[in-house]
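Spelled out, the chains give:
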Amino acid sequence: MKFRLLCITFLALIYPISLHAQFFDTGTDPAGLKWLSIKTEKFTLIYPESFGAQGIKCAKSLDNSINRLTALYPGIKIRIPVVIHNYTTFSNGYVSWAPKRIEMYPTPEQNTIPLDPIEQLTAHELTHVMQMYSLKKGLLGFLTILGGEQVTGAAGIFLPMWFMEGDAVLAESVLTESGRGRDASFQKQMKAVVTGREKLYSYDKMIFGSFRDYTPDHYQFGYQIAAYSTSRYGHQIWNKALGYTARYPFTLDPLLISLEKSTGLTKGGLYRETFDSLKTIWRKDLSKAAPIGYQTLNNDLQTAYRNYYSPVTVGRDSIIAIKTSLSALPSFVLLNPSRKDEKKIFTPGSLWPWYISGGGRKIVWVEDRPDPRWENRTYSVIMLLDISTGKSIQLSRKTRYLSAAISPDGKYVAAAESSVANRNSIVILDASTGSILRTSPVPGNAYPQKPEWSSTGGKLTIIALTNGGEGIMSWAPATDKWETLIEPGRDDLQSSFLRNDTLFYVSSASGTDNIYMLPQGGGPVMITNSRFGCYDPELKGTSLCFSDYTPMGYRICRIEADLKNTSLSGFKMKDSFLINRMDTLNKQDYSLLENKYNPVPYNKLTHLFRFHSWMPFYADLEQVRTDPASVRPGVTIFSQNTLSSLITSIGYEYSDGRNNFHYRITWKGWLPVFESRIDYGSAPVIYKTGTTVGDPSLLSPSMSFSNGVSVPLSFSTGRFSQFLYGSFSVKYENNYVYQKESNTYDYGQVQLWSRLYFSNSDALSGSDIFPRWAQIVDLSYINYPFDNTIYSPMTSLRTAFYFPGFARNHSLKLRFETDYQSGKQLLLSNLSALPRGYLNMVSLNYRLYSADYTLPLFYPDLSIPMVVYLKRIRGGVFYDYATGKNNYFEANADNIFQNGNTHYNYNRNSDTFSSAGCEILADFYLFRLPLMISGGVQAAWKSMYDAPAIQLLFNIDIFGMKVGKGRL
């Protein structure tokens, strides 16, 4: 009983925060876009005019996918908007609630499966829609009347992410001819973890991950659980669980209760049953396949999980590869196989996939670049590293080159390009200047992946994705001749290249990714037999170099290939894929729809408001985020249009016997962002500053009105990201300020606030607490032009600088902050922080010097099932030193404002303040809720002779209610 009461109390605290998380904004598209829409019975598809005929294709795919999903989710009726963002260079999708919509980013990725990307996206994302609509019944259905769409979104906290994503991968696999459930590379990491260990990781470790050990993500292990449970118990166990969650959300873990009723298993029990069964199946398969162990060229991988991708041979006995790990940023390393040592030579920016190409002592790869203003427009550019000089250059600007390969002589670069209208080409560029030499459209508009030059440089090969799956094509730039080498099919093809007339490629035909060769006029021959999968082959002479996956990550291997006498014949492991136990669903007649689709212009002006949620109380979401108890009687209504360009909230609050009204609106559809806010009705604020005079005879309710304009800009230069933010705001408040000289009250003040913020930050590795390198400068100027005899203007400068510590994932942070006020009658609260341990001080001329050293202490990965999972313990030490002139100290330490009055004690002297201390925090999860909590304690000593000031530290990692395809 006490445990259940504790759980309910925690949920009461977390619920307002989870509500905040539902209002998820994925960003905006370029202002000048013209949009079209297509309305069907279940969808309103909204897409840029530039997407062209692909919009109709997407509408058809949505209708056909929802029709097929009735096999898994019978009786669910939906109606939802779908927004296409075709100006990004990555493939992804989200289902967001409050407001509910699907957001799709349809540009195919370079490691795609042999399935049309739009078909995969619609099947996957619509599964999430069916999951969420399954919650709109019973008690939750009634609560949506009281709270709108946010109730359904908040209820998603009861659904484990592994179920939501695993079930969606199951749907995309069982209801199409491909899907990741049929892909060997998708399950290799899970297979390695399960067969490479005698004991499974705990359920909590698997769902929340680890900073110490690699754990496959919730897509991979969630799919296996969803597929196993569906094959054994039927998909109705999950439909029942969703229905039970909708009817009995107050039971804290309704999905668990329903699952136990249906199967007799807990979620952890189902996890163990699934992978105990798969361990038996996978080990049996491996025994029959008799995989070969290959010579490792890099350092021993047994001490820590790390990966070496895409080997490129340079010189006589050196290899350049991409190295990744859990604790460091991705980097290019130079390996010496004979000495088994390595040297980091370069740290790139954001790249995907992990693929580089080498030739002529040069390396090329593709990096992502953000649009400075529009989150839903990104670019992919070609980068080149000269190995001889160590210098890197960017060959292209604002391009959509998704993969690149350099010719053997280093003179030319071939790139796969996909336009915003999904027109696909191969582009040849000059490797010195980046100028385009020629462009050739891919026949049939097949999507090109990983172009690679032949050994002579006369031809290029690509993996070509069409409606029929993946095949391999070659192109001769000199004659512009295209040729099909392997017809499209449902085997996943990873990479390919030509040597003379022999094709080498990676295929999943055996159920594991292996390297094959296809001689001219002959049949395919498997030349590797990997345990979990081989990738990125490179042939030099008779030496075949490649990446081979192991339980401790990818390693670089080499074999001397006898290409004339190779006779491997791998055991076919596809028969044991769980998806093959559910093929009967594929054989149903779905009666694919042949609707007529008529695109019409979408008028952004008439769709500015979309009221989606409301609350039978008042809550300022920004305030709730830091203070969950700041909820008041009243009502709140929220609007966010489908394109996320206009966000509005309207609120009524009854507090302290007063009727308060609040209105906030943010417009993000243009280059500058405009924001306005009105608050009216609370008790007026009266400043008396140390006097005992009476209040004004007539008092008006408090009113605050502000207008602001800002320009947020994001940039990227390799591994560093920059953010530049400039803003200007005007705020009016009808405060009463007593003027001692005239013995009168000044009524109404206008504040002007100018701000310029800049940050330059290194990327974070998976285990970093803070960036290794970062610089932050925040400059503000606040003044009251019409009341400059009352308010003191203030100039504030806040800076922070991050440096690497003495060991990996350690961090040193240095801060300098200063505020300057001229000393007029009423001072403004300082923007700069006080030394830790000090409270309630205002200074005219203030400076702070601060140093923090932060480090991880332990990675325990310990759990008390269903209660807590402890992921990391970290600590830090600090020292703060400040100087202040003409300091005001608050007389009452509990509350600066008492009944609208302010009282200060004044010290005209210049003072120094310092403190030193330490803090220790734990990163953990409670009750298996998907919110990482950081909590701990901080102790600050002002003097070694005084007792420390103790402060509890608490923070919750809040994310939006979004579920989607994601990158693996």
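Scroll up for the structure.
On a predicted model such as this, the values are computed, not experimentally measured, just so you know.

Novice: Any details on the overall build of the chain? Residues and values, ideally.
Specialist: The number of helices and strands found in the chain is 13 helices and 51 strands. Computed over its C-alpha atoms, the radius of gyration of the chain comes to 31 Å, within 12% of the 30 Å expected for a compact globule of 968 residues. Structurally, the chain occupies a C-alpha span of about 105 × 65 × 55 Å along its principal axes. In the chain, buried positions account for 56% of the 968 residues. At a minimum sequence separation of 6, the contacts of the chain that also span at least 24 residues come to 59%. Total accessible area on the chain is roughly 40,200 Å²; 56% of this is exposed by carbon and sulfur atoms. Between the centroid of the 97 positive side chains of the chain and the centroid of its 82 negative side chains there is a distance of 2 Å.

Novice: I'd like a description of the sheet that holds strand 8 (residues 318–325), backed by residues and values.
Specialist: Ordered by their spatial adjacency, 4 strands build an open sheet running 7-8-9-10, and the pairing between neighbours is antiparallel. Each end of this open sheet is capped by a strand with a single partner; those strands are strand 7 (306–314) and strand 10 (341–346). Neighbour-to-neighbour, the strand axes of this sheet turn through a mean angle of 35°, independent of strand direction. One ladder, built from 5 bridges, connects strand 8 with strand 9 (residues 331–336); its direction is antiparallel. Bridge pairing links Ala-321 to Val-333 in strand 9.

Novice: Let's hear about the environment of Ile-80: which residues, and what values?
Specialist: As for its placement among the helices and strands, Ile-80 is situated in strand 3 (residues 80–84). On the basis of relative accessibility, which here comes to 1%, the residue Ile-80 falls in the buried class. Distance from Ile-80 to Arg-397, taken between C-alpha atoms, is 37 Å for residues 317 residues apart in sequence. Ignoring anything within four residues of it in the chain, the contact list for Ile-80 reads Lys-42, Phe-43, Thr-44, Trp-97, Lys-100, Arg-101, Ile-102 and Val-129.

Novice: Explain helix 9 (residues 218–233) to me, using residue names and the numbers behind them.
Specialist: Under the 1.5 Å per step criterion, the end-to-end length of helix 9 is 21 Å for 16 residues, consistent within 8% with the ideal 22 Å. When you tally the buried positions in helix 9, you get 13 out of 16 residues, the bulk of the element. By the N-cap criterion, in which a side-chain oxygen at the helix start approaches the backbone nitrogen of a residue two or three places on, helix 9 is capped by Asp-217, the distance to Tyr-219 being 3.0 Å. In the segment just after helix 9, Gly-234 is the residue with positive phi, at about 90°.

Novice: Requested: an account of the side chain of His-612, with residues and values cited.
Specialist: Note that His-612 resides in strand 31 (residues 611–618). A distance of 2.8 Å separates the side chain of His-612 from the side chain of Ser-613, its partner in a polar contact.

Novice: So, the pattern of salt bridges: which residues are in play, and what are the values?
Specialist: In this structure the tally under the stated criterion is 33 salt bridges. As a salt-bridge pair, Asp-778 and Arg-755 come within 2.8 Å of each other at their nearest N and O atoms. A residue pair is termed long-range when its members are at least 10 positions apart, and Asp-778 in strand 40 (residues 774–783) and Arg-755 in strand 39 (residues 744–762) qualify at 23 residues. For the salt bridge of Arg-798 with Asp-778, the shortest nitrogen-to-oxygen distance reads 3.0 Å.

Novice: Which residues make up the pairing of strand 24 (residues 502–507), and what values go with them?
Specialist: For strand 24, a buried count of 6 out of 6 residues is recorded, marking the element as mostly surrounded by other parts of the structure. Residues Thr-502, Phe-504 and Val-506 of strand 24 are buried on one face, and the alternating residues Leu-503, Tyr-505 and Ser-507, pointing to the opposite face, are buried as well. Looking at chain direction, strand 23 (residues 493–499) and strand 24 are connected through 5 bridges and run antiparallel. Within strand 24, the residue paired with Phe-497 across the bridge is Phe-504. Hairpin connection, strand 23 to strand 24: the antiparallel pair is bridged by 2 residues, and Asn-500 has positive phi, about 55°. Bridging between strand 24 and strand 25 (residues 514–518) involves 5 bridges; their strand directions are antiparallel. Paired with Ser-507 across the bridge in strand 25 is Asn-514. The loop that links strand 24 with its antiparallel partner strand 25 comprises 6 residues; one of these, Gly-511, has a positive phi angle of about 95°.

Novice: So what's going on with the pairing of strand 17 (residues 424–430)? Which residues, and what values?
Specialist: In summary, the side chains of a regular strand alternate between the two faces of the sheet. Burial within strand 17 is extensive, with 6 of its 7 residues counted as buried. Taken together, the 7 bridges between strand 16 (residues 412–418) and strand 17 define a ladder with antiparallel strand orientation. When the sheet's bridge partners are listed, Ala-416 is paired in strand 17 with Ile-426. Taken together, strand 16 and the strand that follows it, strand 17, pair antiparallel across an intervening segment of 5 residues, in which Asn-422 is found at a positive phi of about 65°. As defined by bridge partners, strand 17 adjoins strand 18 (residues 436–441) across 5 bridges and the pair is classed as antiparallel. Across the sheet, the residue bridging to Ile-426 is Ser-440, located in strand 18. Taking the residues that link successive antiparallel strands as the turn, the strand 17-strand 18 hairpin has 5 residues, and the phi of Gly-434 there is positive, at about 80°.

Novice: Break down the sheet that holds strand 22 (residues 481–489) for me, with residues and values.
Specialist: One open sheet accounts for 4 strands, arranged 19-20-21-22; its pairing is antiparallel. What marks the edges here is a single partner per strand, and that holds for strand 19 (447–453) and strand 22. With strand direction ignored, the average angle separating the axes of adjacent strands in the sheet is 20°. In terms of strand pairing, strand 21 (residues 469–476) meets strand 22 through 6 bridges, oriented antiparallel. Residue pairing across strands places Trp-475 opposite Trp-482, the latter belonging to strand 22.

Novice: Account for the nonpolar core, with residues named and values stated.
Specialist: In this structure, Leu-45, Ile-78, Leu-126, Trp-238, Tyr-271 and Phe-275 are the most contacted members of the largest nonpolar core, which totals 87 residues. At 8 residues, the largest contribution of residues to this core is made by helix 9. Setting aside residues no more than four positions away along its own chain, Tyr-271 makes contact with Leu-200, Tyr-201, Ser-202, Tyr-203, Met-206, Phe-221 and Ile-225. In this structure, Tyr-294, Val-314, Met-517 and Cys-534 belong to the second largest nonpolar core, which totals 36 residues.

Novice: Pulling in residues and values, what's your account of the state of the cysteines?
Specialist: With the rule as written, the count across this model stands at 0 disulfides. Cys-545 takes part in no disulfide bond, and the closest cysteine sulfur, belonging to Cys-557, lies 8.1 Å away. Relative accessible area serves as the criterion here: at 3%, Cys-545 is assigned to the buried category. Among the cysteines around Cys-557, which has no disulfide bond, Cys-534 carries the closest sulfur, lying 7.1 Å off.

How each quantity is defined
- Residues numbered from 1 in each chain as written.
- Predicted model: local features only at pLDDT ≥ 70, side-chain atom pairs only at ≥ 80, totals over all residues.
- Heavy atoms only, no water.
- Helix = DSSP H or I, 4+ residues; strand = E, 2+ residues; numbered from the N terminus.
- Rg over C-alpha atoms; globule rule 2.2 N^0.38 Å.
- Buried < 20%, exposed > 50% of the residue type's maximum accessible area, 1.4 Å probe, protein only.
- Contact = heavy atoms within 4.5 Å.
- Areas by Shrake-Rupley, 256 points an atom, 1.4 Å probe, with all protein chains shown as cover.
- Lys, Arg positive; Asp, Glu negative; His and termini not counted.
- Charge placed at Lys NZ, Arg CZ, Asp CG, Glu CD.
- Pairing = 2+ DSSP bridges.
- Axes fitted to C-alpha atoms, helices over the stretch in contact; angles between N-to-C directions.
- Expected span 1.5 Å × (residues − 1).
- Polar contact = N/O pair within 3.5 Å; in protein donor to acceptor, adjacent residues only side chain to side chain.
- Salt bridge = Lys/Arg side-chain N within 4 Å of Asp/Glu carboxyl O.
- Core = buried A, V, L, I, M, F, W, Y, C linked by side-chain atoms within 4.5 Å.
- Disulfide = S-S within 2.5 Å.

Worth remembering: the numbers are spatial, not functional.
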